[in-house]
Amino acid sequence: EGLRFDLMIAAYLLNPAKSGYSVNDLAWDYLNQQLGPTSAKTALEIFMKVRPLLEKELAKKELIKLFQDVEMPLVEVLAQMEATGIRIDVKFLAGLSRELESRLMRIIEDIYGLSGCQFNINSPKQLREVLFEKLKLPVSKKTKTGPSTDEEVLRNLASGHKLPELLLEYRQLTKLKNTYIDTLPGMVNPATGM
């Protein structure tokens, strides 16, 4: 109550694809400081240093209104949901999981058909080999391990080839299924159904 600025929510808005938004993550990302275990005092110091940087970036990307008018008011609602729990339709999610599994199997078959081989779709190394060595698609971005296969790269490649588009759909559905649809039913308290 009375919360006006949340570092993690601001950082999420600026980079929703990032895997973590802890104080340590933010200290590294915005201050280039690697921290060990953090005390309340250290966390407050990081907050005071990082907040103006996040505010500046939110303004630059025209995200201040979204942050202040949508995201921050939702904090209280989400906190209440987290404390109380929410009801979910376990049967519906089970059916949706089966439907997505079937759809993913069709996508995998299409990926193998377009690539001309079977490979581990979740392996960046094998994916690089298929996209850039076998299919000779253009490399637009590199990482320290080789050509990037991140979402931005796949989106750019999708305009010239169907395979990157299928890979994006595969990633999106796999994440949805594994992160939410298959996980949420296991979090239900049998006593309350929430």
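Residues numbered from 1 in each chain as written. Predicted model: local features only at pLDDT ≥ 70, side-chain atom pairs only at ≥ 80, totals over all residues. Heavy atoms only, no water.

Asks: Explanation requested: a nonpolar patch on the surface in the structure shown.
Replies: A cluster of nonpolar side chains, contributed by Leu-66, Val-70, Leu-74, Val-77, Leu-78, Met-81 and Ile-86, occupies part of the molecular surface with about 530 Å² of accessible area. Relative to the assigned elements, Leu-78 resides in helix 4 (residues 64–84). (Patch = residues over 30% accessible without salt bridge, like charges linked within 9 Å, V, L, I, M, F, W, Y side chains within 5 Å. Areas by Shrake-Rupley, 256 points an atom, 1.4 Å probe, with all protein chains shown as cover. Salt bridge = Lys/Arg side-chain N within 4 Å of Asp/Glu carboxyl O. Helix = DSSP H or I, 4+ residues; strand = E, 2+ residues; numbered from the N terminus.)

Asks: Got a minute to help me understand the pattern of salt bridges in this structure?
Replies: Pairing of side chains with opposite charge becomes possible as their charged atoms draw close. Per the stated rule, a full pass over the model turns up twelve salt bridges. A salt bridge links Glu-129 to Lys-125; the shortest N-O distance between them is 3.2 Å. With a gap of four residues between them, Glu-129 and Lys-125 both fall in helix 6 (residues 124–134), about one helical turn apart. Given a relative accessible area of 32%, Glu-129 falls into the partly exposed group. Since its relative accessible area comes to 53%, Lys-125 is described here as exposed. Among the salt bridges present, the one from Lys-177 reaches Asp-182, with a minimum N-O distance of 2.6 Å. Under the relative-accessibility criterion, Asp-182 is labelled partly exposed at 34%. Because the salt bridges share partners, they merge into one network encompassing Glu-101, Lys-177 and Asp-182. (Buried < 20%, exposed > 50% of the residue type's maximum accessible area, 1.4 Å probe, protein only.)

Asks: For this particular structure, what's the right way to read the nonpolar core?
Replies: A general tendency of soluble globular proteins is for nonpolar side chains to be buried together. Membership of the largest hydrophobic core comes to 23 residues, with the highest contact counts inside it found for Ile-111, Ile-121, Leu-131, Leu-167 and Tyr-170. Elements with a minimum of two residues in this core: helix 5 (90–115), helix 6, helix 7 (151–158) and helix 8 (162–181). Top element by residues in this core is helix 8. It accounts for seven residues. Excluding its chain neighbours within four sequence positions, the residues that come into contact with Ile-111 are Phe-119, Ile-121, Leu-163, Leu-166, Leu-167 and Tyr-170. Formed by 17 residues, the second largest nonpolar core is a distinct cluster that contains Phe-5, Leu-7, Ile-9 and Leu-13. (Core = buried A, V, L, I, M, F, W, Y, C linked by side-chain atoms within 4.5 Å. Contact = heavy atoms within 4.5 Å.)

Asks: Just to check I follow, could you spell out the packing of aromatic side chains for this structure?
Replies: Each pair of aromatic rings is reported with the distance of its centres and the angle of its planes. In this structure the tally under the stated criterion is four aromatic pairs. Their ring planes at 75° and their centres at 5.9 Å tell us that Tyr-12 and Tyr-21 sit as a pair that is edge-to-face. Given the relative accessible area of 40%, Tyr-12 is considered partly exposed. The structure contains a cluster of three or more aromatic residues connected by ring pairs, namely Phe-5, Phe-47 and Phe-67. (Phe/Tyr/Trp six-rings, centres within 6.5 Å; stacked < 30°, edge-to-face > 60°.)

Asks: Hey, could you run me through helix 5 in this one?
Replies: Structurally, the α-helix is built with 3.6 residues per turn, so residues lying three or four positions apart point the same way. Its 26 residues place the ends of helix 5 37 Å apart at the C-alpha level, agreeing with the 38 Å of an ideal helix rising 1.5 Å per residue. Listing the buried residues of helix 5 in full gives Leu-93, Ser-97, Leu-100, Leu-104, Ile-107, Ile-108, Ile-111 and Ser-115. If you follow the buried residues of helix 5, they end up packed against helix 6 and helix 8. By the N-cap criterion, in which a side-chain oxygen at the helix start approaches the backbone nitrogen of a residue two or three places on, helix 5 is capped by Asp-89, the distance to Lys-91 being 3.3 Å. Looking one or two residues past helix 5, Gly-116 carries a phi angle of roughly 80°, positive in sign. (Expected span 1.5 Å × (residues − 1). Polar contact = N/O pair within 3.5 Å; in protein donor to acceptor, adjacent residues only side chain to side chain.)

Asks: Any chance you could explain the packing of helix 1 (residues 7–14) against helix 4 here in plain terms?
Replies: When two helices pack together, their arrangement is given by the angle between the helix axes and by the axis-to-axis distance. Direction vectors running N to C along helix 1 and helix 4 enclose 130°, while the axes themselves pass 11 Å from each other. Considering their axes alone, helix 1 and helix 4 lie oblique with respect to each other. Regarding helix 1 and helix 4, the two cross each other, and that crossing is right-handed. Counting all contacts with helix 1, which are made through Ile-9, Ala-10 and Leu-13, the residues of helix 4 involved are Leu-66, Phe-67, Glu-71, Met-72 and Val-75. A per-class count over the contact of helix 1 with helix 4 returns seven nonpolar, no polar and one charged. (Axes fitted to C-alpha atoms, helices over the stretch in contact; angles between N-to-C directions. Parallel < 35°, antiparallel > 145°, perpendicular 65-115°, else oblique. Left-handed = near helix turned anticlockwise from the far one by under 90°. Nonpolar A, V, L, I, M, F, W, Y, C, P; charged D, E, K, R; others polar.)

Without other data, these values stay purely geometric and don't point to any function.
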